[in-house]
Each structure stands twice: as structure tokens, then as C-alpha cells.
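Each chain, written out:
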Amino acid sequence: MRASTIIGGASDKNKRNESDFYATPSECTIALIDALPDTFWKKKIIWEPACGDGAISKVFLNRGFSVESTDLYDRGFGTPGQNFLTDNHPEFDMIVTNPPFNISVDFIERSRMFGVPFAMLLKATYWNAGRRLELFKRTGPRYVMPLSWRPAMSPERGKSATMDFAWTLWWPEPSSLCEFKILKRP
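Reading guide: rules and limits
Residues numbered from 1 in each chain as written. Predicted model: local features only at pLDDT ≥ 70, side-chain atom pairs only at ≥ 80, totals over all residues. Heavy atoms only, no water. Salt bridge = Lys/Arg side-chain N within 4 Å of Asp/Glu carboxyl O. Helix = DSSP H or I, 4+ residues; strand = E, 2+ residues; numbered from the N terminus. Pairing = 2+ DSSP bridges. Contact = heavy atoms within 4.5 Å. Axes fitted to C-alpha atoms, helices over the stretch in contact; angles between N-to-C directions. Parallel < 35°, antiparallel > 145°, perpendicular 65-115°, else oblique. Left-handed = near helix turned anticlockwise from the far one by under 90°. Nonpolar A, V, L, I, M, F, W, Y, C, P; charged D, E, K, R; others polar.

Turning next to the pattern of salt bridges. Considering all chains together, one arrives at 6 salt bridges under this definition. Linking Asp164 and Arg150 is a salt bridge whose minimum nitrogen-to-oxygen distance equals 2.8 Å. In this pair, Asp164 sits in the loop between β5 (143-146) and β6 (165-170) while Arg150 sits in the loop between β5 and β6, placing the two residues 14 residues apart along the sequence.

What follows is the structure, encoded as C-alpha cells:
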């Protein structure tokens, strides 16, 4: 089996998922929550602007958080028809999402405009691209937190995931110090 088949890329057998939709396994969100002190999360309203089927939102809801879930598409969860990049937004204190990869730069830049902490689940190699160096410097992430396992983002394509992922977390103001913190599997 080709690696592109396993990780969700296009192959002879499989096309990329429509609208770059890949549901986030719950363990990814649990690891993010557990990596930060409870005081960080206290009384925060989380906005998940690319909620898809609610994978990230449901973890926060199960932990007792207030969550606003929106998406451009109707995948049976949250408020559909909401374009994160252009539409009005709900009341929130933090953004947490797994953005569509093909517009992830737009998601980062839009999130920075709100002046709140935000976290995005990205490919672990996301910041390795030279064209993203300026984005990294300009937005100043506080943490890059790679997962210590490979989550199955497309379980229908096989059980052996081959792509690494990392949460990147930004504070309201760009940071000049970015910490690297490896997250353990819950």
C-alpha cells in the first residue's frame, strides 16, 4: 500500500477527502488539553470554526467546556454555512481547530486578528517549508507540540498511519520564544 493511500493523500485508488475534511481522533484533542494547566483553560469559551463532524468540539464538551462549533459545510454537527475567513463570529475566548490544509495559512492569519489564544493541529512538517518561515516569524507561536504517535486521520484507508502531526499554539501577542513540547498519547 502506498503511503499516500494511508495518510489521506491522493492515489490511484483514493482521492483527497472532499474539502480537505479529516476528522481529528479524540486522543489528539485530549493530549492538547492535558498538556496545559487547568488554569489556562479555566472559563474559556472555545470556538471550533472547522468543526466538521464535531470531533474536537465533542472532546471539549465532554470535559465541561463551553464550545461554539461552526463549519462552512454541513457534516451533522455545529452551525453550518459559516465561513470562518469572512463571516461574523460567535462570542469566544480561544480558537481550537484542525484547519483545512489548503487554506491553513488563511486560518492562522485570521485567528491572529482576534487577539485570543488559538491552537491548530497541523502536519508536523508544516513549519519545515521555507515559504512559511515569514508566517512563523510574523505570527510568533508560543508552542509547537508534536504528537508522540501517528493518529489515523483516514482510518478507512488502513490502520497504519504514516503522517506526523503537531499542535501549534499562539498567545494573543506574538512570542519571540517558541517552546517545543512533545505530547504523549493519552
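Here the narrative resumes.
Strands pair in a sheet through their backbones, by hydrogen bonds, and they do so in one of two ways: parallel or antiparallel. The strand order across the open sheet built from 7 strands is β2-β1-β3-β4-β6-β5-β7, with neighbouring strands paired in mixed fashion. Edge strands, defined here as strands with exactly one partner in the open sheet, are β2 (66-69) and β7 (179-180). Two strands pair when backbone bridges link them, and strand β1 (residues 45-48) and β2 are joined in this way by 4 bridges, in the parallel orientation. Looking at the pairing, Trp47 lines up with Glu68 of β2. Those strands touched by helix α4 (residues 55-62) are β1, β2, β3 (94-97) and β6, and its axis lies near 165 degrees from that of β2. Packing against the sheet, helix α5 (residues 104-113) makes contact with β3, β4 (118-123) and β6, and its axis sits at approximately 165 degrees to β4.

Attention now goes to the packing of helix α2 (residues 26-35) against α4. The geometry of α2 relative to α4 is characterised by a closest axis approach of 9 Å and an angle of 50 degrees between their N-to-C directions. The angle between α2 and α4 places the two elements in the oblique class. Judged by the twist between their axes, the crossing of α2 over α4 is right-handed. Of the residues in α4, those in contact with Ser26, Thr29, Ile30 and Ile33 of α2 are Ile56, Val59 and Phe60. Residues that form the contact of α2 with α4 fall into these classes: 5 nonpolar, 2 polar and no charged.

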